[in-house]
Amino acid sequence: MHIDLICVGQKMPSWVESGFSDYAKRLPSTCSLHLIEIPLRKRTKNADLARLQRKEGEQMLAAIAQGALVVALDEGGKAFSSIQLADQLAHWMLAYSKMALLVGGPEGLSVACRKRAQQCWSLSTLTLPHQLVRIVVVEQLYRAWSLLNNHPYHRA
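Residues numbered from 1 in each chain as written. Predicted model: local features only at pLDDT ≥ 70, side-chain atom pairs only at ≥ 80, totals over all residues. Heavy atoms only, no water.

## Focus: the sheet that holds strand E5 (residues 119-122)
Each strand in a sheet pairs with another by means of backbone hydrogen bonds, the pair being arranged parallel or else antiparallel.
So, point 1. Taken together, five strands build an open sheet; the order of strands is E2-E1-E4-E3-E5 and the sheet is parallel. With partners counted over all chains shown, the strands left at the sheet margins are strand E2 (32-38) and E5, one partner each. Taken over all neighbouring pairs, the strand axes of this sheet differ in orientation by 30° on average, direction set aside.
So, point 2. Where strand E3 (residues 69-79) meets strand E4 (residues 98-103), four bridges bridge the pair, whose relative direction is parallel. Bridging across to E4, Ala-72 finds its partner in Leu-102.
So, point 3. Running at roughly 150° to E2, helix H2 (residues 49-63) makes contact with strand E1 (2-8), E2 and E4 of the sheet.
So, point 4. Along the sheet, helix H5 (residues 130-148) makes contact with E1, E2, E3, E4 and E5, crossing E1 at roughly 165°. (Pairing = 2+ DSSP bridges. Helix = DSSP H or I, 4+ residues; strand = E, 2+ residues; numbered from the N terminus. Axes fitted to C-alpha atoms, helices over the stretch in contact; angles between N-to-C directions. Contact = heavy atoms within 4.5 Å.)

Laid out in structure tokens, this is it:
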């Protein structure tokens, strides 16, 4: 499965890039994860935030591969335990060859992105910094993959 993690925001701190790449390179080619960054539009004191969110959403939607399963990451989505996520990943891998995970900007995902998503996944009921979300997503996908493949990474 080819997974695109489509995120609003660029120029991440080195610790984010390092954490993301560390886990992404652990995933095998049968479950590869690729980062697509959508530029964060400039927020000013009088910016029309709804318009900026819409524009970023349009760019996210344009980046989705044709035929991909679209999953929005949102605190209001479905939360999974590690075992449940492994089962969900197994289902996704059987049913789809491509997947897009959407992570919005400071205002969250646009209405159009939420409508386009076939599923909504919550990492936590907490609001997480968008930089940290990248690392949490890739680590959890690696953990799910390791569970499916009896890899010793997950020790619960």
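## Side note on unusual backbone geometry
So, point 1. Here Lys-11, not a glycine, exhibits a phi torsion of approximately 55°, which is positive.
So, point 2. Tracing the chain through its elements places Lys-11 in the loop between E1 and helix H1 (14-24).
So, point 3. What makes Lys-11 exposed here is its relative accessible area of 80%.
So, point 4. Not every positive phi belongs to a glycine, and Asn-150 is a case in point at roughly 50°.
So, point 5. Its place among the elements puts Asn-150 in the segment after H5. (Buried < 20%, exposed > 50% of the residue type's maximum accessible area, 1.4 Å probe, protein only.)

## Regarding the environment of Ser-21
So, point 1. Examined against the element boundaries, Ser-21 turns out to sit in helix H1.
So, point 2. The exposure class assigned to Ser-21 is partly exposed, which follows from its relative accessible area of 37%.
So, point 3. Separated by 51 residues in sequence, Ser-21 and Ala-72 have C-alpha atoms that sit 21 Å apart.

## Remarks on the confidence of the model for the chain
So, point 1. Of all residues in the chain, 98% attain a pLDDT of 70 or more, and the chain-wide mean is 93.
So, point 2. Mean pLDDT per element in the chain: H5 is the minimum at 94, and E4 is the maximum at 98. (pLDDT = per-residue confidence, 0-100.)

## Overview of the pattern of salt bridges
So, point 1. Counted under the stated rule, the structure contains six salt bridges.
So, point 2. Here Asp-74 makes a salt bridge to Arg-114, at a shortest N to O gap of 3.2 Å. Here Arg-114 lies in helix H4 (residues 111-116) and Asp-74 lies in strand E3, a separation of 40 residues in the sequence.
So, point 3. When its relative accessible area of 42% is taken as the criterion, Arg-114 is described as partly exposed. (Salt bridge = Lys/Arg side-chain N within 4 Å of Asp/Glu carboxyl O.)

## Digging into H5
So, point 1. Taking 1.5 Å as the rise per residue, H5 with 19 residues should run 27 Å; its terminal C-alpha atoms sit 27 Å apart, in good agreement.
So, point 2. Residues of H5 that are buried include every one of Val-133, Arg-134, Ile-135, Val-137, Val-138, Glu-139, Leu-141, Tyr-142, Arg-143, Ala-144, Trp-145 and Ser-146, and no others.
So, point 3. With its phi angle positive at about 50°, Asn-150 sits one or two positions after the end of H5. (Expected span 1.5 Å × (residues − 1).)

## Some words on the packing of H1 against H5
So, point 1. Packing of H1 against H5 leaves a shortest axis separation of 9 Å and a crossing angle of 15°. Considering their axes alone, H1 and H5 lie roughly parallel with respect to each other. Handedness of the crossing formed by H1 with H5: left-handed. Where H1 abuts H5, its residues Trp-15, Val-16, Gly-19, Phe-20, Tyr-23 and Ala-24 lie against Gln-131, Leu-132, Arg-134, Ile-135, Val-138, Glu-139 and Tyr-142. (Parallel < 35°, antiparallel > 145°, perpendicular 65-115°, else oblique. Left-handed = near helix turned anticlockwise from the far one by under 90°.)

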